[in-house]
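Close look at the chain arrangement
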Amino acid sequence: MNAYEIRNSFLDFFRSKEHTIVPSAPIVVKNDPTLMFTNAGMNQFKDIFLGNQPSKWKRAADSQKCLRVSGKHNDLEEVGHDTYHHTMFEMLGNWSFGDYFKKEAIAYAWEYLTEVVKIDKDRLYVTVFGGDEKDGQPADMEAYGYWKDHVSEDRIIYGNKKDNFWEMGETGPCGPCSEIHIDLRDDEARKQIPGRDLVNMDDPQVIEIWNLVFMQYNRMADGHLVELPAKHVDTGMGFERLVRVLQGKTSNYDTDVFQPIIQAIAKMSGIEYGKAEKTDVAMRVIADHLRAVSFAIADGQLPSNNGAGYVIRRVLRRAVRYGFTFLGFEEPFVCQLLPILVQQMEHNYPEIKSQQELVSKVIREEEASFLRTLAQGIKRFEGYVEQHPQQDIDGNFAFELFDTFGFPIDLTQLMASEKGINVDMEGFKANLEEQKNRSRKAAEKANGDWVVVNESEQPTEFVGYTDMSCESHILRFREVVAKKKTHFEIVLDKTPFYAEMGGEVGDTGTLTSENETVKILNTVKENNLVIHITEQLPQNPETAFNAAIDVERRQRIANNHSATHLMHAALRQVLGTHVEQKGSLVDDQRLRFDFSHFSKMTPEEIRQVEKIVNQNPECDLRRNPD
Ligand code: SER
């Protein structure tokens, strides 16, 4: 089977087990401060697991685009050097929302692997959670018992918390898990060392392919576990690993998921893949990062100087400098590989096709600018070496190259070794450590646990399209310390407050009870929770409040929101239908609308857009009073 057929066989199997096939969520996460990118198939269901939102389905399955380049799950540095880690990968998953649990999850996985795609049972091993004293968790004997129905006990291995207790992040849904591993070594090697001894030992031929998580708990900010309202199943299988197994390859990169891209890189560089480790690593890095960066941009995350945008910029730069250093690419090359990726993926992920032009242009510009920076850095390096003949490269200077010119330290070391000199690594590391400490301090944020005031399973009712105030009760609140300042976050049963979303600022206003008034400074959304931010917690949170927004401010925001739509339509009329909203900011003072176009707008085009917007009959009604 080719990759496309394998993906479909998984979805077909779970369809036949009454699962609804749902689309992949975007790879870029916009409304969960604990995540930058989708790092697992379950992310889009987090609120269902936590009981914040009812589920539309009892059972679901999908193939989810994931990216593991930041936070708790980060594989970036491994990528390219081994043959089975990726930044972007597809996770095949099936979910039960309070429906089936361990028994069926285990039976389905076993049936799919051994009867549908017919993997040799003799190569499979499974792990179960062996318990954890600190968490007060016993070994998962229930999963052990169900596995015994399928495999002999010498194939069931107990694992520790690191491998067999899955957590999405520092807080959030989690639970014991059971992994399925496969031994892909040849018979001779298998005879010498039993596969079970190599499970979770980083052997490139004995790898995990599927993780079955039994979601039972919520990890709280102080580290303790709270039982979830219902028990769920969250499974995730590495699609690229499954393809490798079924296509009989020893590396994920040898499958039809990666080979078309790798062969194109080989052709462009004139270097054959499989000839030398260094150039092979570079080709793998580029093939992997092309996918990560393209999908992130297609889903709306442009490279930038901070946050998620900076992560994407770094991933792309990593690809560029591997190409530059090891394959001799001095002109933008990653963007030239995009058509191959689009051809491979457009059937399952149409967004990559519809955004192709934009993705290509953004990557090309990023590459060109980074290659210019690299060239400048090389000049600085040459200048330094001339000024300090026969001297090692000072750690501060190596750090400057790293920080300002994006030179990874191994590139500086390589250039130094070509001159027969060394780099002061101690000095470099000290600089790096200092920088890390600085950013750690800047990012410090501690969420306290939610304090429940009134129990409710229902999400907050939003009445703000029609009502500017309403009677309301506090469901829960928590204390948050960010950058040494404390604020409180409040969830209400009913609210007129519109939460910051898609670039539109949230409402401000007041909560008033018989005895006091507290100011709401902003409203944001975290997953699907509407959070009201205040610096002052009401003294009596159990009482009834009147929740009222600042009406005049809301009207101004609404005006600017409407103007965004009018401007979008006008831009499409003047420049063409490729104009799509890539980002925006709408507040009570102004609006900003981000879009891509192939050239700078001319003054005439700008005038035309202004004219169309201002002539729109709606405009007079909605014009901002200012
Ligand atoms: N959430 C689990 C994982 O990412 C299973 O899907 O491995």
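Since this is a predicted model, take the numbers as computed values, not measurements.

1. As for the overall build of the chain
- A count of helical and extended segments in the chain gives 19 helices and 25 strands.
- Summarising its shape, the C-alpha atoms of the chain cover approximately 80 × 65 × 50 Å along the three principal directions.
- A burial count over the chain gives 53% of its 626 residues as buried.
- Taking all contacts inside the chain whose residues are at least 6 apart in sequence as the whole, residues at least 24 apart take part in 70%.
- Accessible surface, the chain as shown: approximately 29200 Å² in total, 47% of it carbon and sulfur.
- Here the chain contributes 73 positively and 98 negatively charged side chains, and the mean placements of these two sets differ by 3 Å.

2. Description of the nonpolar core
- If you look at the biggest cluster of nonpolar residues, it comprises 117 residues, and the most contacted ones within it are Leu113, Trp147, Trp210 and Ile393.
- Here this core gets 13 residues from one element, more than from any other, and that element is helix 9 (residues 277–298).
- If you look at the next biggest cluster of nonpolar residues, it comprises 21 residues, including Leu35, Phe45, Cys66 and Phe97.

3. Looking at helix 17 (residues 551–575)
- Across its 25 residues, helix 17 extends 36 Å between first and last C-alpha, which sits within 8% of the 36 Å expected from 1.5 Å per residue.
- Where helix 17 begins, the side chain of aspartate 550 points an oxygen toward the backbone nitrogen of glutamate 552, at a separation of 3.3 Å.
- Phi turns positive one or two residues past the end of helix 17, at glycine 576, with a value near 130°.

4. Here we look at the side chain of aspartate 587
- Within the secondary structure, aspartate 587 sits in the loop between strand 24 (583–586) and strand 25 (591–594).
- Comment: no salt bridge for buried aspartate 587; closest opposite-charge side chain is arginine 590, at 4.1 Å.
- Only 2.8 Å separates the side chain of aspartate 587 from the backbone nitrogen of arginine 590, close enough to count as a polar contact.

5. Some remarks on the site of the ligand
- Around the ligand, a shell composed of Ala40, Met42, Arg68, Met91, Trp166, Asn211, Val213, Asp234, Thr235 and Gly236 is seen.
- Contact distances for the ligand include 3.4 Å between an oxygen atom and a side-chain N or O atom of tryptophan 166.
- Asparagine 211 is positioned such that a nitrogen or oxygen atom in its side chain is 3.1 Å from an oxygen atom of the ligand.
- Burial of the ligand by the protein chains amounts to 97% of its free accessible area of 230 Å².
- Spatially, the ligand is embedded in the second largest pocket.
- Contributing elements (two or more residues each) for the shell around the ligand: strand 10 (206–219) and strand 11 (225–238).
- The biggest single contributor to the shell around the ligand is strand 11, with three residues.

6. Let's talk about the environment of alanine 430
- Here alanine 430 lies in helix 16 (residues 425–443).
- Under the relative-accessibility criterion, alanine 430 is labelled partly exposed at 46%.
- Sequence separation between alanine 430 and alanine 266 is 164 residues, and the spatial gap between their C-alpha atoms is 38 Å.

7. Quick word on the environment of isoleucine 378
- Within the secondary structure, isoleucine 378 is located in helix 13 (residues 356–387).
- Sequence separation between isoleucine 378 and arginine 185 is 193 residues, and the spatial gap between their C-alpha atoms is 44 Å.

8. A few points about the layout of surface pockets
- In this structure, the second largest pocket spans a volume of roughly 1200 Å³.
- For the second largest pocket, the lining is made up of 43 residues, of which Arg68, His73, His85, Glu179 and Glu208 are closest to its centre.
- Elements supplying a minimum of two residues to the lining of the second largest pocket: strand 4 (73–74), strand 5 (88–97), helix 5 (161–164), strand 8 (165–167), strand 9 (172–183), strand 10, strand 11 and helix 7 (239–246).
- The biggest single contributor to the lining of the second largest pocket is strand 10, with seven residues.
- Looking at the lining of the second largest pocket residue by residue, the class counts come to 15 nonpolar, eleven polar and 17 charged.

9. A closer look at the packing of aromatic side chains
- Taken as a whole, this structure holds 30 aromatic pairs when the rule is applied.
- Aromatic side chains tyrosine 322 and phenylalanine 326 sit 5.7 Å apart centroid to centroid with 35° between the ring planes, which places their arrangement in the tilted category. With tyrosine 322 and phenylalanine 326 both in helix 10 (residues 307–326), this residue pair falls four residues apart, about one helical turn.
- For phenylalanine 326, a relative accessible area of 23% corresponds to the partly exposed category.
- Aromatic pair phenylalanine 462 and tyrosine 498: ring centres 6.1 Å apart, planes at 65°, arrangement edge-to-face. Note that phenylalanine 462 is positioned in strand 14 (residues 461–462) and tyrosine 498 in the loop between strand 18 (494–495) and strand 19 (509–512), a separation of 36 residues in sequence.
- By relative accessible area, phenylalanine 462 is classed as partly exposed at 29%.
- On the accessibility criterion, tyrosine 498 (18% relative accessible area) is buried.
- Taken together, Phe10, Phe13, Phe14, Tyr100, Tyr108, Tyr112 and Trp210 form an aromatic cluster joined through their ring pairs.
- When the ring centre of tyrosine 253 is taken as origin, the NZ or CZ atom of arginine 284, which lies over that ring, is 5.8 Å away.

10. Let's talk about the pairing of strand 21 (residues 522–526)
- Pairing between strand 21 and strand 22 (residues 529–534): five bridges, direction antiparallel. Residue pairing across strands places threonine 523 opposite histidine 532, the latter belonging to strand 22.

11. Quick word on the sheet that holds strand 23 (residues 545–549)
- A sheet is described by the order of its strands in space; here four strands give the open sequence 15-23-19-20, paired in antiparallel fashion. The open sheet terminates on both sides in strands that have one partner only, identified here as strand 15 (469–472) and strand 20 (517–520). Shown here is a sheet whose adjacent strand axes are inclined to one another by a mean of 20°, direction ignored.

12. Description of a negative patch on the surface
- There is a patch of like negative charges on the surface, built from Asp392, Asp394, Asp424 and Glu426.
- With respect to the element layout, aspartate 392 can be found in the loop between helix 13 and helix 14 (395–405).
- Judged by its relative accessible area of 41%, aspartate 392 falls in the partly exposed class.

13. With respect to helix 1 (residues 3–16)
- Here helix 1 is 14 residues long and its end C-alpha atoms lie 20 Å apart, about the 20 Å a rise of 1.5 Å per residue gives.
- Residues of helix 1 that are buried include every one of Ala3, Ile6, Arg7, Ser9, Phe10, Leu11, Phe13 and Phe14, and no others.
- If you check the start of helix 1, you find a side-chain oxygen 3.2 Å away from the backbone N of tyrosine 4, and it comes from asparagine 2.
- Downstream of helix 1 by one or two residues, glutamate 18 has phi in the positive range, about 60°.

Thresholds, definitions, all that
- Residues numbered from 1 in each chain as written.
- Predicted model: local features only at pLDDT ≥ 70, side-chain atom pairs only at ≥ 80, totals over all residues.
- Heavy atoms only, no water.
- Helix = DSSP H or I, 4+ residues; strand = E, 2+ residues; numbered from the N terminus.
- Buried < 20%, exposed > 50% of the residue type's maximum accessible area, 1.4 Å probe, protein only.
- Contact = heavy atoms within 4.5 Å.
- Areas by Shrake-Rupley, 256 points an atom, 1.4 Å probe, with all protein chains shown as cover.
- Lys, Arg positive; Asp, Glu negative; His and termini not counted.
- Charge placed at Lys NZ, Arg CZ, Asp CG, Glu CD.
- Core = buried A, V, L, I, M, F, W, Y, C linked by side-chain atoms within 4.5 Å.
- Expected span 1.5 Å × (residues − 1).
- Polar contact = N/O pair within 3.5 Å; in protein donor to acceptor, adjacent residues only side chain to side chain.
- Salt bridge = Lys/Arg side-chain N within 4 Å of Asp/Glu carboxyl O.
- Near = heavy atom within 4 Å.
- 1 Å grid on protein atoms, 1.4 Å probe; cavity = no way out; pocket = protein on both sides within 12 Å on 5 of 7 lines; lining within 4 Å.
- Sits in = over half its atoms within 2 Å of the grid points.
- Points joined across faces, edges and corners; volume = space filled by probe spheres on them.
- Nonpolar A, V, L, I, M, F, W, Y, C, P; charged D, E, K, R; others polar.
- Phe/Tyr/Trp six-rings, centres within 6.5 Å; stacked < 30°, edge-to-face > 60°.
- Lys NZ or Arg CZ within 6 Å of the ring centre and 35° of its normal.
- Pairing = 2+ DSSP bridges.
- Axes fitted to C-alpha atoms, helices over the stretch in contact; angles between N-to-C directions.
- Patch = residues over 30% accessible without salt bridge, like charges linked within 9 Å, V, L, I, M, F, W, Y side chains within 5 Å.

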